[in-house]
Amino acid sequence: MIIEFFGPPGSGKTTFAHALAEQLRGKGYNAKVALSYKPSTRAGSLDLGIVLFITRIASAIFSTLRILLSSGGIANDLSISLSMVRLITPKKRIWRARIWRYILHLSHCWGRARQSPDIIIFDQGYVQAIGSLAIFNGNTDNDVLATALSLAPRADLTIRLVVPSDVVENRLRQRIKHQPPAERVFEADLNVNMLSVDVFESINGLLATSGQKIIPVDNVDSQSKFKGICTVEKQVISALSRMDRGLAGQDRREGVPETHVMGLDSRVSRKASVYPAAPPSIATPRRNKDVGSRLARASVFALMIYIGGAGLTSLAQLAIARLIGPGNYGIYSYVLAWTSVLAYLATLGFNVSLLRFVPAYRANGRLDLARGVIKFALQKSLLAAALFGMTGAALVLFFSDHARSDHMRSGLEISIVLGMAAVPLITAYAIGATVIRAFGGVVSALLPERIVRDGLLLILVAIMAKSALWVVDAPAVMVAVLISSAFTVGLVFITARRFEPSGLRQTQPSYASREWWFAAPPLMLITGLDVFVSRAGVLVLGWTDHIREAGIFALALNVAMLVGLSRIAVATMFSPTAADLHARGDRQALQQLFARATLLSAGGAIAVAIPMMLIVEPFLSYFGEGYIAGAPIARVLILGYVFVALCGPQQNLLTMTGNEWAAATTMIAGAAANIIACAVGVAIYGPIGAAVGVALALSIWSVAMAIYIGKRLKILPGLVFALLSIRPNAIDAQQGNWFLRAGK
């Protein structure tokens, strides 16, 4: 596919073209800008731009010679360039030569672009070149322009950038002001450039009269640019769909089985066999990776971060557990469980909803709303975190006042106070990391929390152990948690500033509070209960005065949760892609994506679970002799997390398809079942009973979500769909049976 832009100098064609290419690449297409040059702005260069001047001339000479000496299509390239320059001849010879050379290069690149399966964007194509000829001719009538336009090959999409003349003039003055003196030789006079506004207005009318579709796009400021990029992107995808349907129809007419045209990648991969004699006149753009492959690749990177973070967490937990013993480790785990639950409840669900709101506002050019929702989320979440921290300290201290030794009670109370002080910090970096993900920095969002925080915690604990000034106990470790959390907050917001879109900081925020608050309750419940469910065993054991057992259970839980890393890593990239497919109404692609995500989640979980089941006992022995009792607990929990992984990222599927309340309802039911099962298990069998309760509750919760997804979204469980894909004709029948059983 070929896309070309036209508009007066200073309308922002180059910047817009590169931004569009980046947007398309983000959606999985191979897109690039051809023959693009952005004027230098090195006004302070000591050589006054002379080196750059000489380099540009030498490059132009050598590149022209290379085209003239090439064998393929040179006659056609020369014919087009000479015909246009003879038809509309610039008054000055230097401009005659420059535009002739550009059209020669343009014709050469255009021919290759026609054969390419990629999206090729020309920020200055044939229409722009004809406009430049008319500007430097100074006396071109509409009949001549129409003749020149009829000679030019047509692009698949032609985009006109519409900018008021006063804005164009201001931009051109700024460009001249910041250019090196020597490079100004290549620029036309300001008055000549301003004539282009009327010239391109005439060209636009001629193109419209000839029946060529022109897409007008405003490019006055950053907000209109983002809106314009969204408009053009939709046009590109629509054009690709038409090409896809047209090629599929051609294949059917030629007797090619329909199964060979199910998607862009398969179509491109078999072009050589279907069209051996000659390529089609328009090469259909291809995806650089299919959605599943991109999901797999991104999930691998995310999984590497999670594994690295888990490794640091394990090292930190090893150091903490060995240094402070089961009793103090139980206090630390109990307090950290409460801290995490309250901190993620305090996010008010914005650590999920920002992933929906911010990209949507950016895509629609509403940077004001994007900035507004970020400020709103930070303000309300931090206020909630402060209130939760103070209230949590009071409540936990009140209800935890059991008959213990003075030393144990003192350590618990100090640790609780420090843990509640960390609640706003954990909330802040959770929201900040979500903002980075919403800006597109997926891996960068994971690094601070998963690597920096636990890495710094490990360093601080090691310093405490080596120093004679500290007694390493539960309160001391909570101080380290407080410091590492504060450092992580700073790093997260520095990273967020680096990824923020251009113009966001200068935009006045707008607020849609009612819409944002409406999404908050279910997502808040989902987020908080997700953390609560994973730590229910520790909380129940601590609440029932089994502090030492809570420490053993917590360490076994940390081992078992390694199995769940694959599901979390897959969900990192699954969520935004699923939201995009749901918004497009493409249920089949969503089903395939969910199946691929489930396979990745299950495969990763099984690959980790098998060796962990074998080595869990010697592994826990390294933490200290008292922790070996956690081996059977870890094995039970591992089985529970494997079952969850086999079901895939179901919770993310619900939240990204607008079923937040359904996800929240299942979470409430799962949390209630978890607490009841843990309490009953602890009363009967102690810590191993808590593990059985957690595993059982996780399994019931996963099955309930699968049934709801089948009923509401008409999507099969991922593993079921993957197995049925081996026999494609069985999918429709099995889907119908599943939906009926799910309660259709």
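Summary of the structure given here.

What counts, and at which threshold
- Residues numbered from 1 in each chain as written.
- Predicted model: local features only at pLDDT ≥ 70, side-chain atom pairs only at ≥ 80, totals over all residues.
- Heavy atoms only, no water.
- Patch = residues over 30% accessible without salt bridge, like charges linked within 9 Å, V, L, I, M, F, W, Y side chains within 5 Å.
- Areas by Shrake-Rupley, 256 points an atom, 1.4 Å probe, with all protein chains shown as cover.
- Salt bridge = Lys/Arg side-chain N within 4 Å of Asp/Glu carboxyl O.
- Helix = DSSP H or I, 4+ residues; strand = E, 2+ residues; numbered from the N terminus.
- Buried < 20%, exposed > 50% of the residue type's maximum accessible area, 1.4 Å probe, protein only.
- Pairing = 2+ DSSP bridges.
- Axes fitted to C-alpha atoms, helices over the stretch in contact; angles between N-to-C directions.
- Parallel < 35°, antiparallel > 145°, perpendicular 65-115°, else oblique.
- Left-handed = near helix turned anticlockwise from the far one by under 90°.
- Contact = heavy atoms within 4.5 Å.
- Expected span 1.5 Å × (residues − 1).
- Phe/Tyr/Trp six-rings, centres within 6.5 Å; stacked < 30°, edge-to-face > 60°.

Regarding a nonpolar patch on the surface
No. 1: A surface patch of nonpolar side chains, amounting to about 390 Å² of accessible area, comprises Ile 606, Ile 610, Leu 614 and Ile 615.
No. 2: The topology assignment puts Ile 615 in helix α23 (residues 587-621).
No. 3: According to the relative accessible area criterion, Ile 615 is partly exposed, its value standing at 41%.

Re the pairing of strand β4 (residues 157-162)
No. 1: Counting buried positions along β4 yields five of six residues, so the element is predominantly enclosed.
No. 2: Sheet analysis places β4 next to strand β5 (residues 214-218), joined by five bridges and oriented parallel. Residue Thr 158 lies in a different strand from β5, and its bridge partner there is Ile 214.

So, the packing of helix α21 (residues 547-560) against helix α24 (residues 631-647)
No. 1: Between α21 and α24, the shortest axis-to-axis distance is 8 Å and the interhelical angle comes to 40°. By the angle class used here, α21 and α24 are oblique. Crossing of α21 over α24 shows right-handed handedness. Across the interface between the two elements, Phe 553, Ala 556, Leu 557 and Ala 560 of α21 pack against Ile 633, Ala 634, Leu 637, Ile 638 and Tyr 641 of α24.

Quick notes on α24
No. 1: The end-to-end C-alpha distance of α24, which contains 17 residues, comes to 25 Å, matching closely the 24 Å that a straight helix rising 1.5 Å per residue would cover.
No. 2: Looking one or two places after α24, you find Gly 648, whose phi comes out positive at around 80°.

With respect to unusual backbone geometry
Among all residues save glycine, negative phi is the norm, and among peptide bonds the norm is trans.
No. 1: The backbone phi angle of Leu 348 is positive, close to 60°, even though this residue is not glycine.
No. 2: By the secondary structure assignment, Leu 348 is in the loop between α13 (291-346) and α14 (350-363).
No. 3: On the accessibility criterion, Leu 348 (8% relative accessible area) is buried.
No. 4: Backbone geometry places Lys 714, a non-glycine residue, at a positive phi of 55°.
No. 5: Positionally, Lys 714 belongs in the loop between α27 (687-712) and α28 (718-724).

Quick notes on the sheet that holds β4
No. 1: As summarised here, the arrangement of the five strands in space is β2-β3-β1-β4-β5, forming an open sheet in which the pairing is parallel. The open sheet is flanked by β2 (31-34) and β5, the only strands paired with a single partner. Each adjacent strand pair in this sheet contributes to an overall mean axis angle of 25°, direction not counted.
No. 2: Against the sheet, helix α1 (residues 13-26) makes contact with β1 (2-6), β2, β3 (119-122), β4 and β5, and its axis sits at roughly 160° relative to β2, the strand it touches most.
No. 3: Each of β1 and β3 touches helix α4 (residues 93-115); the most contacted strand, β3, lies at about 160° to it.

Concerning the packing of aromatic side chains
No. 1: Taken as a whole, this structure holds 11 aromatic pairs when the rule is applied.
No. 2: Relative to Tyr 332, the ring of Tyr 329 has its centre 5.7 Å away and its plane inclined at 40°; by these criteria the two rings are tilted. Of the two residues, Tyr 329 and Tyr 332 both sit in helix α13, three residues apart, roughly one turn of that helix. Considered together, Tyr 329 and Tyr 332 belong to a single accessibility category, that of buried residues.
No. 3: An aromatic cluster is built from Phe 350, Phe 376, Tyr 511, Trp 516 and Trp 517, whose rings are joined through pairwise contacts.

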